[in-house]
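As a plain string of letters, each chain reads:
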Amino acid sequence: MKQIEICIYNLENFFIRDAFDNPPNINYFKSKLNLNQLKQVFTEIDADIYALTEVGQVESLVYFNEVYLNESYEIFHQQGNSDRGIENAFLVRKGLEFEFEHLSHTNKEIDFQLHDEDDNDYFLSRDFSHLRVNRKNGEHLLSLFNVHLKSQRDDDTGHDFRSVRRRQAELELLLKVYKEEKKQYPSTPILLCGDFNGNASNENTDEEFKVIYKETDLKDVLSMRQLPLQYRTTFYQFVGQAAHQLQLDYIFMEESFGHRLMDAAVYQYKNSTGRLIGPPRRRGDIWNNPSDHYPVYAIIKIQD
């Protein structure tokens, strides 16, 4: 196997009522229609590795894999810090000719203070999970970091507007671990993937993400494929009646390994007849999709 397909996907509150003996007390379980839509998405993308965020506890993913994906995937997961129960996980296709090592960074502190007199310890608001792909002989081929950074909501005290500083602190921990991984595996790709909850692209970059371009040669795979900005949209934010196109979801790859990137794109949803669904014209259009995010996939050569 000379190439591998990776897909990142924020599943938006992916809770399945039937997955629980005692379902959590929430009102946003995925409907049967949503689940069948998601089955179509996963079947059409047919990735080897899915890096997932907003998994509504691992029970939901176990159920979805068993009932909708014919148990075709192995689940790699460790419970994170989310107070909403939304977690990160990997789905890895069974039967691949590799071995996988899964790590978690849930317990690592971030360098953050809400205000000058704050002496609390802070951790990742969710987690960033970490998957190493190795040959059977132990040779390292690829590492993936799957992140879900702090969302753009004000903290309750008003000290961190839009949680910019908290998100930046989480990113700095991610880059610290990335550099440690890069030092250990200097000749193989290390990918940073997931929902960054902001504009981390190289166009009008949000302030908290500029460190990516200052300290690494990481680059968004959609940018590396030279896709126009309108084809990099993974989220539509409505302000009043106007839809704003945003890219919140990324697969970052070192530009020095750009020759290994075979393809990358944002998956577009389809209706029941198989036709592409256009951009949402009103807020309610988003509710008809299986998630409010769009998946991103990349096909990468794992050897020269």
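Everything here concerns the structure above.
Heads up: these notes are all about the structure in this document. (Residues numbered from 1 in each chain as written. Predicted model: local features only at pLDDT ≥ 70, side-chain atom pairs only at ≥ 80, totals over all residues. Heavy atoms only, no water.)

Enumeration according to the criterion identifies 1 cavity of 30 Å³ or more in this entry. When its volume is computed, the largest cavity comes out at roughly 60 Å³. What lines the largest cavity is simply Gln37, Gln40, Val41, Tyr267, Tyr269, Lys270, Ile277, Asn289 and Pro290. Looking at the lining of the largest cavity, its residues break down into 5 nonpolar, 3 polar and 1 charged. (1 Å grid on protein atoms, 1.4 Å probe; cavity = no way out; pocket = protein on both sides within 12 Å on 5 of 7 lines; lining within 4 Å. Points joined across faces, edges and corners; volume = space filled by probe spheres on them. Nonpolar A, V, L, I, M, F, W, Y, C, P; charged D, E, K, R; others polar.)

The mixed open sheet is built from 6 strands, whose spatial order is 5-6-7-8-12-9. Since the sheet does not close on itself, it has two edges, and those belong to strand 5 (99–103) and strand 9 (218–220), each with one partner. The sheet shows a mean angle of 20° between the axes of neighbouring strands, taken without regard to direction. Where strand 8 (residues 190–195) meets strand 12 (residues 249–254), 4 bridges bridge the pair, whose relative direction is antiparallel. When the bridges of strand 12 are listed, Asp195 appears paired with Asp249. (Pairing = 2+ DSSP bridges. Helix = DSSP H or I, 4+ residues; strand = E, 2+ residues; numbered from the N terminus. Axes fitted to C-alpha atoms, helices over the stretch in contact; angles between N-to-C directions.)

With that out of the way, let us pick up the environment of Gly198. Its place among the elements puts Gly198 in the loop between strand 8 and helix 4 (210–215). Taking the C-alpha atoms as reference points, Gly198 and Asp249, 51 residues apart in sequence, are found 8.4 Å from one another. Sequence-distant contacts of Gly198, that is, excluding residues within four places in its chain, are made with Gln152, Asp206, Phe209, Gln247, Leu248 and Tyr250. (Contact = heavy atoms within 4.5 Å.)

Another aspect to go through is the environment of Ser272. Counting through the fold element by element, Ser272 comes out in the loop between strand 13 (261–266) and helix 6 (283–287). Take Ser272: its relative accessible area is 80%, and that puts it in the exposed class. (Buried < 20%, exposed > 50% of the residue type's maximum accessible area, 1.4 Å probe, protein only.)

Attention now moves to the pairing of strand 10 (residues 235–239). Here strand 10 runs beside strand 11 (residues 242–246); their pairing, made up of 5 bridges, is antiparallel. Across the sheet, the residue bridging to Phe238 is Ala243, located in strand 11. Counted between consecutive antiparallel strands, the loop separating strand 10 from strand 11 contains 2 residues, among which Gly240 sits at a positive phi close to 65°.

A few words on the sheet that holds strand 13. Spatially, 3-4-2-1-14-13 is the arrangement adopted by the 6 strands of the open sheet, whose pairing is mixed. Of all strands in the sheet, those bounded by a partner on one side alone are strand 3 (73–77) and strand 13. Sheet twist, expressed as the mean angle between neighbouring strand axes with direction ignored, is 20°. Alignment of strand 13 against strand 14 (residues 296–301), held across 5 bridges, turns out to be antiparallel. Across the sheet, residue Leu261 finds its bridge partner in strand 14, namely Ile300. This element, helix 1 (residues 32–45), spans strand 1 (3–14), strand 2 (49–56), strand 4 (86–93) and strand 14 of the sheet and lies at about 165° to strand 1.

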